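This is what each chain is made of:
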Amino acid sequence: MSSHAYVAEIATDRDGNEHVVQGWQDDMYGAKLGFWLFMFTEVLMFGAMFMTLTYYMMLHEADFVHASASLNRYLGGFNTVVLLISALTMGLGLLKMRHGDIKGAKTMIWATIVLAFLFLGVKGVEWSLEYSHGVFLGLDALQPGNEHSKPFGQILFFGMYFTMTGIHGVHILGGIGIMLWLLKRINSGKVTPEHHILHFNIALYWDLVHLIWVFVFPFYYMMGAGTEMDTATLSSTIEAISHLGGSNEHH
Amino acid sequence: MSTTNLGSYKEAQSGYIKILVGLLVLTTVTFVQPHMFLTDMNLGIQLFIGVVKAYLILAYYMHLKGETQIIWFAGFSLFIVAVFFIIVIGFDVANFQYMDESHITQHMDAPHASHATH
Amino acid sequence: MLDGFVGASAATFAADVDNAFWINFWVSIVLGLSVLIPMFYFVWKYRESNVKDEEIENFTHHTGLEITWTLVPTVMLMVLFWFGYDSMRVLRTMPAADQSITIQVEGSKWKWRYEYPANANGVVHKLGGAFIKPKYDENGKLIEKGTMAKSALYVPVNTNIILEMTAPVDDVIHAFFVPAFRMKEDVVPGRVTKQWFNATTVGEYDVECAEYCGTDHSYMYSRIVVLPKAEYDAWFNSNDDTPKGNYDKSGSALLQQHGCKSCHATLSDAVFFGPTLKTRVLTKEQVLDVINHGQDTLGYAMGAMPAGLVTGKDAQEIAAYVAAGMKGEQPASFAACSSCHGEDGKGQYGTSPSLVDYDVDLLRNVLKHGKKGSMGNMPKFPYITDEDVSAIAEHLKSL
Amino acid sequence: MSKSYLDLDQTHCAIGHPKTAFWQWMLTVDHKRIGLMYAAVIFTFFFVAVATAFAMRLELFAPGAQFMDGDTFNQAFTLHGVIMIFLFIIPGVPAVFGNIVMPLMIGAKDVSFPRLNWFTFWLYITGALVALSSLWSGEGFADTGWTFYAPYSLTTNTNVITTLVAAFILGMASILTGLNFLVTIHRLRAPGMDFFKMPLFVWGIYATAWIQLLATPVIGITLVLAILEKYFGIGIFDPSKGGDPVLFEHLFWIYSHPAVYLMILPAFGIMSEIIPTFSRREVFGYRTIALSSASIAGIGYLVWGHHLYTSGMADTAKVIFSFLTFFVAIPTGIKFYDWVFTMYKGKIILTTPMLWALGTIITFTIGGLTGVTIAMVGVDIHLQDTYYTVAHFHYAMLGGVVFLLFAGLHYWFPLMFGRMYNEGHAKFAFYLNFIGFNVLWFPMFIAGYYGMPRRYFDYLPEFEIYHQISFVGAVIFITGLITMFYVLIRAIKNGEKVGPNHWNATTLEWHLPTSPPPLENHTKVPYVDFMPYEYHHGQPVVKFDYETMKRID
Ligand code: HEA
Ligand code: HEA
Ligand code: CUA
Ligand SMILES: [Cu+2]
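In this text, all values refer to a predicted model and were calculated from it rather than measured experimentally.

Okay, the overall build of chain D next. A count of helices and strands for chain D gives 16 helices and six strands. For a compact globule of 553 residues, the expected C-alpha radius of gyration is about 24 Å, and chain D comes in at 23 Å, within 12% of that figure. Considering only C-alpha atoms, chain D reaches an extent of 70 × 55 × 45 Å along its principal axes. Counting every position in chain D, which comprises 553 residues, the buried fraction comes to 75%. For chain D, restricting intrachain contacts to residue pairs at least 6 apart in sequence, the fraction spanning at least 24 positions comes to 79%. Put simply, chain D shows about 14,600 Å² of open surface, and 68% of that area lies on carbon and sulfur atoms.

Looking only at helices and strands, chain B features four helices and zero strands. The helix and strand sequence of chain B, counted from the amino end, reads α-α-α-α. For chain B, with 118 residues in total, the buried portion stands at 40%. Here the contacts in chain B between residues at least 6 apart in sequence split such that 40% fall between residues at least 24 apart.

We now examine the state of the cysteines. Residue and element names in this part refer to chain C. This model, assessed by the stated rule, comprises zero disulfides over all chains. Between Cys340, a free cysteine, and Cys337, which holds the nearest cysteine sulfur, the sulfur-to-sulfur gap is 9.0 Å. By relative accessible area, which is 28% here, Cys340 ends up partly exposed.

For any two helices packed against each other, one specifies the crossing angle of their axes together with the interaxial distance. Contact geometry for helix H1 (residues 28–59) of chain A and helix H9 (residues 245–279) of chain D: axes closest at 11 Å, N-to-C directions at 155°. As judged from the angle between their axes, H1 of chain A and H9 of chain D are roughly antiparallel. As for how H1 of chain A packs across H9 of chain D, the hand of that crossing is right-handed. Side by side, H1 of chain A and H9 of chain D meet where Ala48, Met51, Thr52, Tyr55 and Tyr56 of chain A of the first sit next to Val246, Leu247, Leu251 and Ile254 of chain D of the second. The class makeup of the residues in the contact of H1 of chain A with H9 of chain D is eight nonpolar, one polar and no charged.

Residue and element names in this part refer to chain D. Contacts to ligand 2 come from 31 residues, most closely from Arg57, His80, His394, Leu398 and Arg455. Contacts to ligand 2 include His80, whose side-chain N or O atom sits 2.8 Å from a nitrogen atom. The side chain of His394 places a nitrogen or oxygen atom 2.7 Å from a nitrogen atom of ligand 2. Of all the secondary-structure elements, those providing two or more residues to the shell around ligand 2 are helix H2 (31–59), helix H3 (70–100), helix H14 (387–417), helix H15 (423–449) and helix H16 (464–494). A per-element tally of the shell around ligand 2 places H3 first, with seven residues.

A separate point is the pattern of salt bridges. For the coordinates displayed, the defined rule picks out 28 salt bridges over all chains. Note that Asp86 of chain C and Arg89 of chain C form a salt bridge whose closest N and O atoms lie 2.6 Å from each other. Of the two residues, Asp86 of chain C and Arg89 of chain C both sit in helix H2 (residues 63–92), three residues apart, roughly one turn of that helix. Its relative accessible area of 18% is what places Asp86 of chain C among the buried residues. When its relative accessible area of 38% is taken as the criterion, Arg89 of chain C is described as partly exposed. Here the salt bridges do not stand alone but share partners, grouping Arg92 and Glu185 of chain C together with Asp315 and Lys318 of chain D into one network.

The subject of this paragraph is the coordination of the copper ion (ligand 4). Residues and elements named next belong to chain D. Within the first shell, the copper ion (ligand 4) binds the protein through His257 (ND1), His306 (NE2) and His307 (NE2), at distances of 1.9 to 2.1 Å. For the copper ion (ligand 4), the single-chain donor residues occur in sequence as H-x48-H-H. A spacing of 4.5 Å is found between the copper ion (ligand 4) and the iron atom of ligand 1. Residue His306 is classed as buried on the basis of its relative accessible area, which comes to 13%.

Time to look at the confidence of the model for chain B. Residues and elements named next belong to chain B. For chain B, per-residue confidence averages 75 on the pLDDT scale, and residues scoring 70 or more make up 78% of the total. Within chain B, helix H4 (residues 110–114) has the poorest average pLDDT of any element, 39, and helix H3 (residues 68–92) the best, 87. Per-residue pLDDT stays below 50 along residues 110–118; that stretch engages in six contacts with residues further than four places along the chain or on separate chains.

A word on helix H1 (residues 14–45) of chain C. Since there are 3.6 residues in each turn of an α-helix, residues three or four apart along the chain are aligned in direction. The end-to-end C-alpha distance of H1 of chain C, which contains 32 residues, comes to 45 Å, matching closely the 46 Å that a straight helix rising 1.5 Å per residue would cover. Remark: the principal bend of H1 of chain C, roughly 30°, maps to Leu33 of chain C.

In this section: the interface of chain C and chain D. On the chain D side, the residues contacting the 83 residues of chain C number 92 residues. In total, about 7,900 Å² of surface goes out of reach between chain C and chain D, with carbon and sulfur atoms giving 66% of it. Looking at the side of chain C facing chain D, the largest losses of area belong to Tyr46, Trp69 and Tyr212 of chain C, adding up to 10% of the total buried there. Counting the contacts that link chain C with chain D gives five salt bridges. The residue Glu57 of chain C makes a salt bridge to Lys345 of chain D at a minimum N-O spacing of 3.8 Å. The set of elements that each furnish at least two residues to the side of chain C that touches chain D consists of H1, H2, strand E9 (183–187) and strand E11 (203–209) of chain C. By residue class, the composition of the side of chain C that touches chain D is 45 nonpolar, 19 polar and 19 charged.

Residues and elements named next belong to chain D. Residue position: Thr156 is located in the loop between helix H6 (152–155) and helix H7 (160–187). Given a relative accessible area of 10%, Thr156 falls into the buried group. Among residues more than four places away in sequence, those in contact with Thr156 are Asp143, Thr144 and Lys230.

Procedures and definitions
- Residues numbered from 1 in each chain as written.
- Chains lettered and ligands numbered in written order.
- Predicted model: local features only at pLDDT ≥ 70, side-chain atom pairs only at ≥ 80, totals over all residues.
- Heavy atoms only, no water.
- Helix = DSSP H or I, 4+ residues; strand = E, 2+ residues; numbered from the N terminus.
- Rg over C-alpha atoms; globule rule 2.2 N^0.38 Å.
- Buried < 20%, exposed > 50% of the residue type's maximum accessible area, 1.4 Å probe, protein only.
- Contact = heavy atoms within 4.5 Å.
- Areas by Shrake-Rupley, 256 points an atom, 1.4 Å probe, with all protein chains shown as cover.
- Disulfide = S-S within 2.5 Å.
- Axes fitted to C-alpha atoms, helices over the stretch in contact; angles between N-to-C directions.
- Parallel < 35°, antiparallel > 145°, perpendicular 65-115°, else oblique.
- Left-handed = near helix turned anticlockwise from the far one by under 90°.
- Nonpolar A, V, L, I, M, F, W, Y, C, P; charged D, E, K, R; others polar.
- Near = heavy atom within 4 Å.
- Polar contact = N/O pair within 3.5 Å; in protein donor to acceptor, adjacent residues only side chain to side chain.
- Salt bridge = Lys/Arg side-chain N within 4 Å of Asp/Glu carboxyl O.
- Donors = N, O, S within 2.8 Å, 3.2 Å for Na, K, Ca; no water.
- pLDDT = per-residue confidence, 0-100.
- Expected span 1.5 Å × (residues − 1).
- Bend = angle between axes of the 7 residues up to and from the residue.
- Buried area = accessible area lost by both parts, 1.4 Å probe.

Shown next as structure tokens:
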């Protein structure tokens, strides 16, 4: 089904006027529309999670602020910037593709992939910091009824935090996967400046992943900023990271 | 889509970079705000900044400007999400019954105290 | 219980609900017929043999008709909404607490418990328990009807009763449904929910669990017994457990009442939801787990059992021995255990547990705190008194 | 002889060009073939679920345990519910007829993403296999009921995770189907066919597709949250960690209520095709039928709380939900009146599909109006989780959706296979089904009002009589179903051969060059400058030359 061979059909009405028939082949706008519709489903998925979060925030506001204040805002902020830049590289890659600069496009995609890995790396550091603070899935702090148990609001906050950043992380991983696939398609000549809908949609996907982060970030990291409980400072962040490699002691 | 006017590469590139700068500035504001101004409506402001950023990304990075049909669809989807929020949060949680007696709404500051027992 | 369609008067608001239902019924009949009568009429009138092709007319719009069948049903529906709302308003508006009796209700897998406010003597009546299932012979013929025995919710007639309901947080959702009173509300772990009633007729009414809750959902019945005021007051201010003769306090009856038997076999080695209580049967894995990791959850005076007393082959041997009910040759390595659990492994004076039988300490602890284990969760029964625990333990020993 | 899509080599494949018929079916991207495969699989599952239902009916024949214990019964109704909902009725009409006839109706050669369609079908099969696999592993199939309420689903030992994963995969398949249809309807309509020239079935599919797209993700993520919670012990819905079980109920019904309209809207679409065809005249109120589909879908998003009247949700919210719920009944009512008035001054031809359609008007009226009963808060507090509700939804789903699915099966049968079944036998099967169905479910309204709770494996002796009548109904119904499928299956091979427009219908799927249709549908794409149901004196107005697809009337 080589789509290049496709020639649109013509339908003739009773007055003899001719109308081009849109076939499913070569329907760039259709492909784009389809992808947007797919992205709505992502928005609804995250929407439902944000709703869960808001629901519990209404019930445990103080705990949420408290828990948020203890997250590592500077790492989160750094990751925001990483994502912002990767959105730019992705966009420039698409621009280059559209203007026929395939080599440049590929470079940009690679740059995006590298940034994506950087994001995941920082996320990993963050999670291990939390682990070393005794706050992680399955650890006592997030289970009820023991001496390390956090209050309900915090258990819920951290539960949702690991869930949502985890699912977001899975999206980043998925993004890396489809970008590698895209590179393969470019190399084999299936994606070309004339025919780059795949590239276009993957760029959209990447922006969506970013878009979700734009809301994840304030909800988790910034809610507790500037309050009395706020303990996150740049210097303590640096200190914590430097400890990470050295020891695994809790607390 | 292949029919859209591409314009010059340079121009488009500088457009992208301008948006990036805008987004970076907004991110900075995010960090400064909690310590500087309107601190008592922190989350609201943060989310507002989020919305502005989202607008920039949608409109420019995701080329939504001028896509009337998709904008309508997107608006519809967001409306649905908003409805869920309004109903669940505004109608149900906001009127939570027997809140004080319920276990799940307890604010347990107690666990810190129970530290001592062990 | 089958307090039928008309004239229900078991509770003050039951008539409102029925009334709303009947209004709905007649409105539905009208609306339904407004569709079905024309349908049947047209099917008959315009049947194939009755219509020539030229007589067919394309009748596609009629503004008047369309407005009618939009507006008239809308109005009718709003009437229905109002009656639905109104009957709900009565049902859900709690009477003032000082003019009512507030009873705590706890629903848990598969029993209902009621706790009354303290009476003049400071006695707090605690009633309720599990439904005793009906018995059938091999042919499915009923031998014995299911019953609540003497445990029920006793209330005075013509009095507002508020039920403050919840379920233990590690339990699941149930619903307290009294068909004769037309009332129901879920009993949600972690939340408190309330409903109220005012029974107008002396009698007995069934309570059913109406939210699916697992194996014995269909046996999670209880009973509301509405008593004349004087009779109720006399009982309430006494120290008796129930107005109708007191509970049987034998171990076997207690096991029945607290619903132990819906999870545990007591006469056979069968494993239902939990292990059999006939003798203490520990699985090899359980024993090994305790040997390897120690244990300190059973509340014995000695405190924790240390981990890793024996290892490797010895541990395997001991585990096999204990799991087999300590019959046969005792392995030499059991010496490591005897110092605490006794030569025969039957424990020592309440300082350490028996590995073959149940004793009071083990029971007390398990009942107070529940038990999370390899099989599932044993719920806690914090309200069972020490006396009752001893009775149960005695009973288990005698099995 | 001309070739039809059923013949060897008459298909495009997702991968390569296989030679054997078997692989040509497995890899096919042709919408008609995919639809047929869905039909085969879906009806297989239907029979599994039906067999479980029958087992439950047998068990309920008398109080006490007959031949299964409580836990098995609990797994049985879960299996029944999960298969009926996720494997049968949600994919049902869209996946079968949405695939087979929707592209034909809008004059398209295929759906917008044929390969995605193929992938979706296999995703559906994967989900189904995952669901069934849990029957034979570990503690067996989930015993939670199809609603998976937390915290029960979080604590039970049965294979809930497998079932949740399966439901998630099936949800993905549903989303992708909806997405494919939305783009198809937006992009591939024949020139000239604007939205208000689309056949009403396409409108039904369109509204449904939006629900598939914008409600399914919510249940998807809810299931994922439950899986994560069960697997990692995260606190989300578990009250011992501060979670709120009522939130789970909200999230579940946010999807599952719109889902019931997702089931019924395409089925209503089938009704809107059959009634004008066999009244031999234009449909009454085309626009109101089309728009009421859209408004049912829209209002359907606002009313999920009517499943939570006794859940412990705030009383204020209960009242608001009750108020909103009544408004779905209005557009539904408009549709019903439109259908009935479509018969006015027509010529009613009582073919088998028409009988099924008319039968459905009766049964769904009962199903819908009893839905209105339980939409009244105060009354539903009494009726929620009783057999009244069970009877309501069987009247709506079985007496509404499934009956219309059967109607569609009879209606499009000659199109799909180019052959006709024996109408006399098929009508006999209809009467058996119709009578059996009503005997089976009507007594349950009464039992429910008297307080027979649902999901009870044993019951008080007072209810015995209702369950026994119901059993008799079930037996009649079985006989009807078996007869119906026997008649149809026999006709696939031996039925009398018929031409492309056996019913003298007007919509585009009947204007095909051959019967059954060829590989790429219409010879040429027609220009559509007419309404879908134009009849004049009982004859279709629009006629085509099937070679050039030019109008010749
Ligand atoms: C195909 C599926 C389907 C459909 C179409 C409907 C349609 C409706 N349903 Fe139903 N429902 C279910 C499937 C469906 N339902 C299921 C599966 C459950 C239970 C799930 C579970 O708990 O497991 C359920 C449960 C359910 C409940 C919760 C009961 C409880 O658990 O306590 C309620 C309450 O309001 C309800 C209401 C309605 C209403 C008002 C409609 C309306 O849309 C009906 C509209 C139709 C009509 C009104 C009839 C036709 C119109 C006329 C004849 C014209 C004249 C009439 C008027 C204008 C009023 N349904
Ligand atoms: C599309 C949806 C659909 C359909 C078509 C049906 C069809 C049927 N259902 Fe279904 N049902 C549900 C969806 C559906 N159901 C759902 C969602 C639930 C809720 C589950 C839950 O609580 O979680 C439910 C619950 C439910 C219950 C309540 C269980 C309970 O609460 O305790 C019962 C009880 O009788 C029942 C029975 C039936 C019967 C007899 C049929 C019949 O109408 C089916 C017709 C078939 C027959 C009567 C038998 C035919 C048999 C054969 C052709 C083969 C026989 C062969 C052998 C036995 C060897 N169903
Ligand atoms: Cu308790 Cu059902
Ligand atoms: Cu509903």
